[in-house]
Amino acid sequence: ENSAAVVFSLDVQGSVSYISPAIEGILGYRANELIGKSSADLVVPEDLPGLMASMQRTLSGQLEPYEFRVRQRDGAIRHILTSSQPVSREGRAVGLIGVMVDVTDKKAAEDALKTSEANYRNLFDHTLIGLEVVDAETMKVVLANSSIARMFGFKSPADMVGTEPLAYVLPEDLDWVVGELTKVMADPNTQEVATLRSRTEDGRIIWVTGMARPFEYVRRPSILLSLVDVTAAKEGELKVAESEEKN
């Protein structure tokens with residue numbers, strides 16, 4: 001009776017026939033104040049049609065958890081998750097019995113995480129630096145931004161997903177690049193910046209400067225690669241060096 005979970009029963013019209021005292025901790029109403037009341041009166045209007053449809057499905061034997069919003073005595077809104085089953089007499093459903101829990105804090109945490117992820121994704125997608133996330137086990141791209149897609153000649157970031165970054169490293173640099181990535185995964189404090197040549201999807205050879213960092217993406221060990229195209233600057237340096245040699 002004093003559990004955080006609230007036990008309740010409703011008749012087929014949705015009126016409360018029983019509710020445990022723990023409801024006071026969620027809604028601010030004492031249990032005896034709600035007996036005989038319509039449960040619909042507590043539900044946020046926008047959520048009521050969906051809840052009533054779920055109730056009818058449950059009465060017909062289709063069991064399902066359902067989340068909706070209710071108003072407390074003071075008008076504040078709480079998020080509730082219920083799980084119910086029909087009560088039958090002589091083969092006919094006469095009501096529901098179920099359990100409800102307050103998931104407001106969980107919902108707020110999920111919303112905060114979604115906002116944080118959305119902000120991060122916005123920054124990821126709109127920076128001038130080329131960024132890609134590589135799965136550390138498969139060594140395939142799982143996420144890329146527009147800047148790196150343009151850099152490597154792909155039509156869109158989605159076209160890069162599933163590709164292998166090491167396939168674009170020039171053969172003479174491959175062993176060195178693999179060694180550097182291995183060091184990064186072994187020591188997260190490694191912050192070395194490297195400049196090397198790379199082949200693009202459309203066949204060009206470019207110079208890139210960048211670094212790699214261990215990164216967890218969708219709960220999998222990954223590598224975040226940050227790259228800048230320095231081809232113009234590098235070619236300029238080489239031309240200056242060639243000119244100086246001739247002189």
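Anything mentioned here points back to the structure above.
Along each chain, the written sequence defines residue order, and numbers are assigned to residues from 1. Local features in this predicted model are restricted to residues whose pLDDT is 70 or higher, and side-chain atom pairs enter the listing and the counts only when it is 80 or higher, whereas totals over whole chains, interfaces and linings include all residues. Where side-chain values are given, they derive from all heavy atoms of the structure, hydrogens and water being excluded.

Trainee: Describe the overall build of the protein chain, with residues and values.
Mentor: Numbering of helices and strands runs from the N terminus, with a helix taken as a DSSP run of H or I at least four residues long and a strand as a DSSP run of E at least two residues long. Along the backbone of the protein chain there are eight helices and ten strands. Between the two quantities, the radius of gyration covers C-alpha atoms and the globule rule is 2.2 Å times the number of residues to the power 0.38. The C-alpha atoms of the protein chain give 30 Å as radius of gyration, which overshoots the globular expectation for 247 residues (18 Å, by more than 25%). Taken over the C-alpha atoms alone, the protein chain extends approximately 100 × 40 × 35 Å along its principal axes. We call a residue buried when its accessible area falls under 20% of the maximum for its residue type, exposed when it is over 50%, and partly exposed in between, using a 1.4 Å probe and counting protein chains only. Going through the 247 residues of the protein chain one by one, you find that 34% of them count as buried. Sequence separation of at least 24 residues holds for 42% of the intrachain contacts in the protein chain that already meet a minimum separation of 6. To be clear on the numbers: accessible area is Shrake-Rupley with a 1.4 Å probe, and residue cover counts the displayed protein chains and nothing else. As displayed, the protein chain offers around 14,900 Å² of accessible surface, 54% of which is attributable to carbon and sulfur atoms. Between the mean site of the 26 positive side-chain charges and the mean site of the 37 negative ones, the protein chain shows a separation of 5 Å. Contacts are assigned to residue pairs with any non-hydrogen atoms lying within 4.5 Å of each other. Charge assignment: positive for Lys and Arg, negative for Asp and Glu; neither His nor the chain ends contribute. A charged residue contributes its charge at one atom only: NZ of Lys, CZ of Arg, CG of Asp or CD of Glu.

Trainee: Before we move on, could you go through the nonpolar core and cite the residues and values that matter?
Mentor: A general tendency of soluble globular proteins is for nonpolar side chains to be buried together. Put simply, a nonpolar core is a bunch of buried Ala, Val, Leu, Ile, Met, Phe, Trp, Tyr and Cys residues held in one set by side-chain atoms that sit within 4.5 Å of each other. Membership of the largest hydrophobic core comes to 21 residues, with the highest contact counts inside it found for Phe-152 and Met-160. Going through the elements one at a time, strand S7 (141–144), helix H5 (146–151), helix H7 (171–186), strand S9 (205–217) and strand S10 (220–229) are the ones with two or more residues in this core. Not counting residues up to four positions away in its chain, the partners in contact with Phe-152 are Tyr-168, Ser-198, Arg-199, Thr-200, Glu-201, Asp-202, Arg-204, Ile-206 and Leu-227. Phe-8, Ile-19, Ala-22 and Leu-34 belong to the second-largest nonpolar core, a separate cluster that totals 19 residues.

Trainee: For the environment of Lys-183, give the residues involved together with the corresponding values.
Mentor: By secondary structure assignment, the location of Lys-183 is in helix H7. Residue Lys-183 is classed as partly exposed on the basis of its relative accessible area, which comes to 38%. Remark: the alpha-carbon pair of Lys-183 and Ala-212, spanning 29 residues in sequence, is separated by 10.0 Å. Once residues lying within four places of it in the same chain are set aside, the contact partners of Lys-183 are Thr-190 and Glu-192.

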